[in-house]
Amino acid sequence: MDLCIIGSGYVGLVSGACFAEVGHHVICVDNDQRKVDMLQAGKIPIYEPGLEELVHRNVAAKRLRFTNSIQDGVDHSQVVFIAVPTPPQTDGSVDLTYIERVAREIAGVLRKGEYRVVVDKSTVPVKTGEKVEATIKRYNREASFDVVSNPEFLREGCAVPDLMKPDRIVIGSSSQQATDLMKRLYEPFKAPILVTDVNSAELIKHAANSFLSLKISYINAVAAICEASGADVEMVADGIGMDKRIGRNFLNAGIGYGGSCFPKDVKAFIAIARQLGTPFSLLEEVERINAHQLPRFIDKIRESLWVLKDKKIAVWGMTFKPDTDDVRNSVAIDLINKLVAEGAQVTAYDPKGAEKAVEWNLVDPKKVRITATPLEAVEGAEALVLATEWKEFANQDLEKVRSVMHTPLVFDGRNLFDPDTMRQLGFTYCPVGRPNVKP
Ligand code: UGA
């Protein structure tokens, strides 16, 4: 089938590449000429495992191309996806100006008698589809189209496998013609398809992300009780996670959830619920617990090092999770900046995210020394703080790490290391929600 995707960010670009991979003809549209130029030159603006090969292969096979023209995209597609950002506003509600603008632009290029399915893939508040439909109608009375909601559930860092083998595909549609086209489009993925009305599909996305955030805050609250009682949160998570009704996924305690989705989506869901007159105070607690994780963790660092001013502290990890270069709303970045604000001398290393952290002014390279290797970061350090659980960190030669540190003290914000191994290696090791160990 022929389709276009408006917006070549994480969701748009990865979706476009995956649709092409299963045989569709895809046009990725973006209004950022710099990005289009890069993509046309074979350069991928984001780091996502497997994406580069996928893009190159499908461009070479002529199933994937890039343009800045919505007209070009819409003219040559049966299905038009919207995958533009829906950033948060200061009150937590979602800024829908990009969606509204794209709806108007689509209206401007739809031709009479040429039916199109307009699909919203961006995460949007419930009832957005209705507004997109009304907007297109308002700007083009003769257009023949249906609006569908098709939320995306990919995770950064494993976006390609998530897209190629999704748990489910949600199609929110009130038109049989549109539903049939969407089912054909997704047929090659061989995944379960759930057809709902448009409002329910939109709500599924916010409800899913909020529920996953709730799981994380739940285990983080349990972690605090574990610390106070001497229990071990990893054992507790295994014990409750073995119940199939609960599941072990997303029960990893740590310094809290971050990224461009969970914090924004929980806030948005709270705002939507409030606007609809059905406040969702449970989610306010989820946010409160999450916000409390980092101060609690820094308290722990202070307990050992007392005054942080002038202390040499190494931080491993800057991205909001492993296998991505995304540093937006990263708790690791907050951690670095809080340590710097207390006067600590911070050295930091990240396999993929350091460059963007500096480029986007999220850390000040005059105040944080960014190193080229993890080992360089820990040289002479009085403590190592692990903020993101990259595999590279698990694979480090920890004996070597200990030998170059000033003091063998490790704070593990993601419970990456094994406490017994750390003790045997001679570290004082302080994880989250588990007893500290000493050599
Ligand atoms: C999340 C959802 O998992 C995706 O299904 C969704 O499509 C996406 O948001 C989106 O809305 O676009 P993502 O933000 O890429 O995906 O990353 P996650 O793997 O969900 O991690 C989010 C944060 O939660 C990270 O900071 C991670 O460290 C933290 N986390 C995750 C925990 O602290 N504990 C866990 O057990 C799991």
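The structure reproduced in this document is the subject of the present report. (Residues numbered from 1 in each chain as written. Predicted model: local features only at pLDDT ≥ 70, side-chain atom pairs only at ≥ 80, totals over all residues. Heavy atoms only, no water.)

### Digging into the environment of Gly-113
Piece 1. Turning to its location among the elements, Gly-113 is positioned in the loop between helix 5 (97-109) and strand 5 (116-120).
Piece 2. Of the residues examined, Gly-113 reaches a relative accessible area of 66% and is grouped as exposed.
Piece 3. Taking the C-alpha atoms as reference points, Gly-113 and Ser-144, separated by 31 residues in sequence, lie 6.1 Å from one another. (Helix = DSSP H or I, 4+ residues; strand = E, 2+ residues; numbered from the N terminus. Buried < 20%, exposed > 50% of the residue type's maximum accessible area, 1.4 Å probe, protein only.)

### Focus: the nonpolar core
The tendency in soluble globular proteins is for nonpolar side chains to be buried as a group.
Piece 1. Ranked by size, the top nonpolar core spans 41 residues in total, and within it Phe-19, Leu-51, Val-79, Phe-81, Val-117 and Met-182 carry the most contacts.
Piece 2. Here the element with the most residues in this core is helix 1 (residues 10-21); it accounts for seven residues.
Piece 3. Apart from residues lying up to four places away in sequence, Val-117 is in contact with Gln-78, Val-79, Val-80, Asp-146, Val-148, Ala-178, Leu-181 and Met-182.
Piece 4. Of all hydrophobic cores here, the second largest spans 40 residues; its members include Val-331, Val-368, Val-385 and Cys-430. (Core = buried A, V, L, I, M, F, W, Y, C linked by side-chain atoms within 4.5 Å. Contact = heavy atoms within 4.5 Å.)

### With respect to the packing of aromatic side chains
Piece 1. Per the stated rule, a full pass over the model turns up nine aromatic pairs.
Piece 2. Centroid distance Phe-19 to Phe-189: 5.7 Å. Interplanar angle 85 degrees. Geometry classified as edge-to-face. Pair noted here: Phe-19 is in helix 1 and Phe-189 is in the loop between helix 8 (176-186) and strand 8 (193-196), with a separation of 170 residues, a long-range link.
Piece 3. A relative accessible area of 5% means that Phe-189 is categorised as buried.
Piece 4. Between the aromatic rings of Trp-316 and Phe-393, the centroid separation amounts to 5.0 Å while the plane-to-plane angle is 20 degrees, which identifies the pairing as stacked. Of the two residues, Trp-316 sits in strand 9 (residues 312-316) while Phe-393 sits in helix 16 (residues 391-394), which places them 77 residues apart along the sequence. For the pair shown, Trp-316 and Phe-393 are each scored as buried.
Piece 5. Arg-168 extends its terminal NZ or CZ atom over the ring of Phe-153, reaching a point 3.5 Å from the ring centre.
Piece 6. Between the NZ or CZ atom of Lys-352 and the centre of the ring of Tyr-47, over which it lies, the distance is 4.5 Å. (Phe/Tyr/Trp six-rings, centres within 6.5 Å; stacked < 30°, edge-to-face > 60°. Lys NZ or Arg CZ within 6 Å of the ring centre and 35° of its normal.)

### Examining the site of the ligand
Piece 1. Near the ligand you find 20 residues, and of these Phe-153, Leu-154, Glu-156, Asn-209 and Lys-321 are the closest.
Piece 2. The separation between an oxygen atom of the ligand and a polar main-chain atom of Leu-154 is 2.6 Å.
Piece 3. A distance of 3.0 Å separates an oxygen atom of the ligand from a polar backbone atom of Gly-258.
Piece 4. For the shell around the ligand, the secondary structure elements donating two or more residues are helix 9 (198-229) and helix 11 (262-275).
Piece 5. The greatest single-element share of the shell around the ligand, amounting to three residues, is contributed by helix 9.
Piece 6. Class assignment of the residues belonging to the shell around the ligand gives a composition of nine nonpolar, four polar and seven charged.
Piece 7. Residue assignment places the shell around the ligand across two domains, with domain 1 (2-196) and domain 2 (198-439) each supplying three or more. (Near = heavy atom within 4 Å. Polar contact = N/O pair within 3.5 Å; in protein donor to acceptor, adjacent residues only side chain to side chain. Nonpolar A, V, L, I, M, F, W, Y, C, P; charged D, E, K, R; others polar. Domains from an automatic or database assignment.)

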